[in-house]
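Results of the structural survey
Given next are the chains, with one letter for each unit.
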Amino acid sequence: MSEKLLNKTACKLSPLGDSAIVITFGNGMEYSIHKKIKLFLDSLEDEPFVGFIECVPAFTNLTVFYDPLVIYKNQKQSNGMEDISPYEVVRSILDMKLQGIQEGKKLTHRTVSIPVCYGGEYGPDLEYVARYNNLTTDEVIHIHSTGEYLAYMIGFAPGFPFLGGLSEEIATPRRSSPRMTIPTGAVGIAGMQTGVYPISTPGGWQLIGQTPTKLFLPNVNPPSLLQAGDIVKFHPISNQEYEEMVLKEGLQ
């Protein structure tokens, strides 16, 4: 039986300036949409076209960046056609590639385990999250640390993972007043998402813990520990374990 091909008509291609195209695959934070995005991203990175720079995945779309000058020169050398814009060339390439994406193909996910010291000075909003959901702090920790979370996208700050899959039992709205400074490694909840602050930055998520694991690695390629499509699991550690790991990681 042949694989089910991606319904190209359900995708919307839009220019983003003169060197990128945004492909929208649907609406909402859903695994089915993420799968289409990831399959197409993998196909482009496995077989990049001339002038391709990179892809940036988000919740509902994939932005494809390209070098218009390289596209123009390649088009001129290939067939002498100079009246077709780089955007039209790339759009045509993406249209053809979209037709070959097999929705039935199974995705493989890398699993990353992240240690978290919950509560106290490392998780100042843990008690609020527990009260909001009529739970004890231990129950919040148990629910959060036994879940599996899909990294839908990396953004906002370098290496910041937007993780879906949070249990409704501990879902909590953002703070009404954001903090001006969030410490590096802070683990938070916002609505039905959880995430980790890879650098110190302002933010409004409810902070329930902190990890000594570095998520932003500026001297590594890629510089983000997590990538879209990764599965994240959290596991609790004690204050002493956290401090020992901080010294080892050189986080502070």
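Everything numeric here is computed off the predicted structure, so don't read it as measured data. (Residues numbered from 1 in each chain as written. Predicted model: local features only at pLDDT ≥ 70, side-chain atom pairs only at ≥ 80, totals over all residues. Heavy atoms only, no water.)

**Things to note about the pairing of strand E10 (residues 193-196)**
Selection rule: Partly exposed describes any residue whose relative accessible area lies between the buried limit of under 20% and the exposed limit of over 50%, with all areas from a 1.4 Å probe on protein chains only and scaled to the type maximum. Helix and strand assignments follow DSSP, with helices taken as H or I runs no shorter than four residues and strands as E runs no shorter than two, numbered in order from the N terminus. The pairing criterion for strands is at least two bridges between them, as found by DSSP.
Burial along E10 is two-sided: the residues Gln193 and Gly195 and Thr194 and Val196 are all buried. Relative to E10, strand E9 (residues 186-190) runs antiparallel, the two being bridged by 4 bridges. The partner of Gly188 across the bridge, within E10, is Gly195. The antiparallel hairpin formed by E9 and E10 contains 2 residues in its connecting segment, where Gly191 sits at a positive phi of about 65°.

**Some points on the nonpolar core**
For clarity, the threshold we go by: Among buried residues, those of type Ala, Val, Leu, Ile, Met, Phe, Trp, Tyr and Cys that are joined through side-chain atoms within 4.5 Å constitute a nonpolar core. What makes two residues a contact is simply this: any of their non-hydrogen atoms within 4.5 Å.
Counting 24 residues, the largest nonpolar core has Ile23 and Leu94 as its most contacted members. Among the elements that make up this core, the one with the highest residue count is helix H1 (residues 31-46) (6 residues). Beyond its immediate sequence surroundings of up to four residues, Ile23 is in contact with Cys11, Lys12, Leu13, Phe40, Thr60, Asn61, Leu62, Val64, Leu94 and Leu98. Of all hydrophobic cores here, the second largest spans 23 residues; its members include Val116, Leu126, Leu166 and Val196.

**Topic: the side chain of Lys97**
To keep it simple, the criterion reads: Charged residues are defined narrowly, with Lys and Arg counted positive, Asp and Glu counted negative, and His plus the chain ends left uncounted. Whenever Lys or Arg places a side-chain nitrogen within 4 Å of a carboxyl oxygen from Asp or Glu, that contact is recorded as a salt bridge.
By the secondary structure assignment, Lys97 is in helix H3 (residues 86-99). For the buried Lys97, no salt bridge is present, and the opposite-charge side chain at shortest range is Glu47, 4.2 Å distant. If sequence neighbours within four positions are ignored, Lys97 has contacts with Phe40, Ser43, Leu44 and Glu47.

**Brief notes about the environment of Thr108**
Turning to its location among the elements, Thr108 is positioned in the loop between H3 and strand E5 (111-118). Take Thr108: its relative accessible area is 73%, and that puts it in the exposed class. Sequence-wise, Thr108 and Pro86 are 22 residues apart; in three dimensions their C-alpha atoms are separated by 33 Å.

**Remarks on the confidence of the model for the chain**
Filter applied, for reference: Each residue gets a pLDDT score, which is the predictor's confidence in that residue and runs from 0 to 100.
Model confidence for the chain is summarised by a mean pLDDT of 91, while 94% of its residues fall at 70 or above. Note that pLDDT drops below 50 for residues 1-5; the model gives that stretch 12 contacts with residues more than four away or on any other chain.

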